[in-house]
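Here is what each chain is made of, one letter per residue.
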Amino acid sequence: MHPIICKIGLFTVYSYGLTLVLAFLLCVQLATFQAKKQNIEPAIVSNFLFLVFVFGIIGARSFYVIENLSYYIRKPLEIILFSHGGLSWFGGLFLSIFAGTIYLRKKRESVYKIFDLIVPFIALGQAMGRIGCLLNGCCFGKPSKFGIYSPICESILIPTQIYSSLSLIFIFIILRFLQDKPYKKSEIFFAYLLLYSTKRFFIEFWRAEAEGIFLGLTLFQIISIVIFCFSLFKYIRLRAK
């Protein structure tokens, strides 16, 4: 694990933050290129992605802090130390969708049209983000003799970050395949939610910090089930039309 890439004077380059920035830049580059192919204004897409990136991080951090409120009440300064990890994707999803929807409505753009455009690249960005988690030593899995050694935890752990990253690359490939075929508005977006919620549900069984809260299921597994059922209902309705 390499949480710190390098130090330049008083400035420290953290692998987690660097990976997030690189993922964002890659998403912008690929999404704006795709926007040109679909005759969508690239500036709207890049501005939208910047908004999603900022509010996604705020939402993800806020959700994570709420999850671990007792810890952050004791150590409030830790809330702003992103280099220690601690982002909850579902919090980022909800807040970024809310902020992005407001932006697109003000620009009088079709919300689902833009969502369909960007979600494949969001999945790819998430795949890069999980590599940042691996380098940072967070979001690790349970102890297993078939895992990899973590010097931070001083034990062999299931590399859930790698499994998650590979799954997200697979999701990216599927969504890009669907994107290049004729599809109905919002179909790509709900396909993304279906695939991601499925991935997260099963990855949770291997996550070390995952604790069951209802019928042995974790909070994120319950959220994944809700998102999956909602997305499946919407997807079936789309295909039935």
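Everything here concerns the structure above.
No experiment lies behind these values; they were computed from the predicted model shown. (Residues numbered from 1 in each chain as written. Predicted model: local features only at pLDDT ≥ 70, side-chain atom pairs only at ≥ 80, totals over all residues. Heavy atoms only, no water.)

Peer 1: How should the side chain of Ser165 be read in this particular structure?
Peer 2: Of note, Ser165 is situated in helix α6 (residues 160–179). Excluding residues within four positions of it along the chain, Ser165 makes contact with Ala127, Arg130 and Ile131. (Helix = DSSP H or I, 4+ residues; strand = E, 2+ residues; numbered from the N terminus. Contact = heavy atoms within 4.5 Å.)

Peer 1: What is the right way to look at the side chain of Gln126 in this model?
Peer 2: Structurally, Gln126 is set in helix α5 (residues 111–136). A relative accessible area of 13% means that Gln126 is categorised as buried. Here Gln126 is in contact with Trp89, Leu168, Tyr192 and Tyr196, once residues within four sequence places are set aside. (Buried < 20%, exposed > 50% of the residue type's maximum accessible area, 1.4 Å probe, protein only.)

Peer 1: What exactly am I supposed to notice about helix α8 (residues 219–240) here?
Peer 2: Given 3.6 residues per helical turn, the α-helix brings residues three or four places apart onto the same face. Helix length check: α8 (22 residues) gives 32 Å between terminal C-alpha atoms against 32 Å at 1.5 Å per residue, within 8%. When α8 is considered as a whole, its buried residues turn out to be Phe220, Gln221, Ile223, Ser224, Ile227, Ser231, Tyr235 and Leu238. End-on, the buried residues of α8 take up no more than an arc of 145°, which puts them together on one face. In α8, the exposed positions that point more than 90 degrees away from the buried face belong to Val226 and Ala240. Lining the buried residues of α8 we find α2 (42–67), α4 (89–106) and α7 (187–203). (Expected span 1.5 Å × (residues − 1). Arc of directions from axis to C-beta.)

Peer 1: What exactly am I supposed to notice about the pairing of strand β2 (residues 11–14) here?
Peer 2: Taken residue by residue, a regular strand's side chains alternate between the two faces of the sheet. With four bridges connecting them, strand β1 (residues 4–8) and β2 associate as antiparallel partners. Note on β2: the bridge partner recorded for Lys7 is Thr12. Hairpin connection, β1 to β2: the antiparallel pair is bridged by two residues, and Gly9 has positive phi, about 65°. (Pairing = 2+ DSSP bridges.)

Peer 1: What is the right way to read the nonpolar core from this model?
Peer 2: In summary, soluble globular proteins display a tendency toward joint burial of nonpolar side chains. Judged by nonpolar contacts, the single largest core of 44 residues is most densely connected at Val45, Phe48, Leu49, Phe90, Leu104, Ile118 and Tyr192. When residues of this core are traced back to their parent elements, those giving at least two are α1 (15–37), α2, α4, α5, α6, α7 and α8. Look past the residues within four positions of Val45 in its chain and what remains in contact with it is Ala31, Thr32, Ala35, Ile40, Leu117 and Ile118. (Core = buried A, V, L, I, M, F, W, Y, C linked by side-chain atoms within 4.5 Å.)

Peer 1: What is the right way to read the pattern of salt bridges from this model?
Peer 2: Side chains that differ in charge, positive against negative, can pair when their charged atoms come close. Within this structure, the stated rule accounts for four salt bridges. Arg176 is the partner of Asp180 in a salt bridge, and the nearest nitrogen-oxygen pair spans 3.3 Å. The partly exposed category is assigned to Asp180, whose relative accessible area is 49%. For Arg176, a relative accessible area of 18% puts it in the buried group. With a closest N to O distance of 2.9 Å, Glu187 and Arg239 form a salt bridge. One end of the pair, Glu187, is in helix α7; the other, Arg239, is in helix α8, with 52 residues separating them in the sequence. Look at Glu187 and you get buried, because its relative accessible area is 4%. Among the charged side chains, a network of salt bridges with common partners joins Arg200, Glu204 and Arg207. (Salt bridge = Lys/Arg side-chain N within 4 Å of Asp/Glu carboxyl O.)

Peer 1: What's the story with the packing of α6 against α7 in this structure? I'm lost.
Peer 2: If you want to describe how two helices pack, look at the angle between their axes and the distance between the axes. In contact at an axis separation of 10 Å, α6 and α7 are set at 160° when each is read in the N-to-C sense. Judged on the interaxial angle alone, α7 and α6 are roughly antiparallel. The element α6 and its partner α7 pack so that their crossing is right-handed. Residues Thr160, Tyr163, Ser164, Ser167, Leu168, Ile171, Ile174, Leu175, Leu178 and Gln179 of α6 form the contact with α7, whose own contacting residues are Ile188, Ala191, Tyr192, Leu195, Tyr196, Lys199 and Ile203. Residues of the contact of α6 with α7, tallied by class, amount to twelve nonpolar, four polar and one charged. (Axes fitted to C-alpha atoms, helices over the stretch in contact; angles between N-to-C directions. Parallel < 35°, antiparallel > 145°, perpendicular 65-115°, else oblique. Left-handed = near helix turned anticlockwise from the far one by under 90°. Nonpolar A, V, L, I, M, F, W, Y, C, P; charged D, E, K, R; others polar.)

This is a description of form; function is not addressed.
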